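# Residue-level structural notes
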Amino acid sequence: KNEVEQSPQNLTAQEGEFITINCSYSVGISALHWLQQHPGGGIVSLFMLSSGKKKHGRLIATINIQEKHSSLHITASHPRDSAVYICAVRSSGTGNQFYFGTGTSLTVIP
Amino acid sequence: DAGITQSPRHKVTETGTPVTLRCHQTENHRYMYWYRQDPGHGLRLIHYSYGVKDTDKGEVSDGYSVSRSKTEDFLLTLESATSSQTSVYFCAIRGATGANEKLFFGSGTQLSVL
């Protein structure tokens, strides 16, 4: 049973396209994080959301607490956006543990 | 970046040998985590710590132990390495709380058990 589901698993886009990655979760949460992992690289945090919407440059993240759903949007995609994007939720239950999606692998073609 | 360093970056070892991975932070954050990352799986929690000498098990803790004798260091030990423990290991820190909460990750350790 996966507490966090992401879609799509793989995504190929042309440079300049608008991209959406979805995350659904099944547990009560205190926070949701979007992470980025480049091939062979480390993991960096993009956003933390507990409600509403955040924007950073070409990246926009939204969350709907009632529907237990979050989306990550990339506007005007660029080849350097090619990476794995991971959704993680911090449970509001005992231990405040994090649960992670399996990631969405994005390839942006020039 | 929470001043987080993870060592070693790569390790090759033989089945049955003990292995220790180190996670070091410079900013006194309370929560530290050890995860493993395997193809087809999300990051899976091995153990975590919520303070000095305060640790708890995660979903894949069998064969692993941890210690946190100082705020800045969180050690992960494979007591007797097995081939199923070949994986990439990440240390993570939860920095700040509330609206400023952030997750910081170490660079990862590629461990191969032969």
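The structure under discussion appears in the preceding block.
Here we summarise the structure given alongside this text. (Residues numbered from 1 in each chain as written. Chains lettered and ligands numbered in written order. Predicted model: local features only at pLDDT ≥ 70, side-chain atom pairs only at ≥ 80, totals over all residues. Heavy atoms only, no water.)

Summed over all chains, the structure comprises two disulfides over all chains. The disulfide that involves Cys23 of chain A links it to Cys87 of chain A, with 2.0 Å between the sulfurs. Taking the sign of the S-S torsion, about -65° here, the bridge from Cys23 of chain A to Cys87 of chain A comes out left-handed. Within this pair, whereas Cys23 of chain A is found in strand β3 (residues 19-25), its partner Cys87 of chain A is found in strand β9 (residues 83-91), the two being separated by 64 residues in sequence. By the burial criterion, Cys23 of chain A is buried, and Cys87 of chain A matches it. A sulfur-sulfur distance of 1.8 Å marks the disulfide that ties Cys23 of chain B to Cys91 of chain B. (Disulfide = S-S within 2.5 Å. Helix = DSSP H or I, 4+ residues; strand = E, 2+ residues; numbered from the N terminus. Buried < 20%, exposed > 50% of the residue type's maximum accessible area, 1.4 Å probe, protein only.)

This part covers the pattern of salt bridges. Opposite charge on two side chains lets them pair, provided their charged atoms get close. According to the stated counting rule, one finds seven salt bridges over all chains in the structure shown. Between Asp73 of chain B and Arg22 of chain B there is a salt bridge, with its nearest N and O atoms 3.1 Å apart. Within this pair, whereas Asp73 of chain B is found in strand β8 (residues 73-78), its partner Arg22 of chain B is found in strand β3 (residues 19-24), the two being separated by 51 residues in sequence. Overall, the relative accessible area of 36% leaves Arg22 of chain B in the partly exposed class. Here Asp38 of chain B ties to Arg44 of chain B by a salt bridge, and the two come within 2.9 Å at their closest N and O atoms. A single salt-bridge network, built from bridges that share partners, covers Arg90 of chain A together with Arg94 and Glu101 of chain B. (Salt bridge = Lys/Arg side-chain N within 4 Å of Asp/Glu carboxyl O.)

Another aspect to go through is unusual backbone geometry. If a residue is not glycine, its phi is most likely negative; likewise, a peptide bond is most likely trans. With an omega of -5°, the peptide bond running from Ser7 of chain A to Pro8 of chain A counts as cis. Of the consecutive residues Ser7 of chain B and Pro8 of chain B, the connecting peptide bond is found in the cis state with omega at -5°. Relative to the elements of secondary structure, Pro8 of chain B occurs in the loop between β1 (5-7) and β2 (10-13). Unusually for a residue other than glycine, Lys68 of chain A sits at a positive phi of about 55°.

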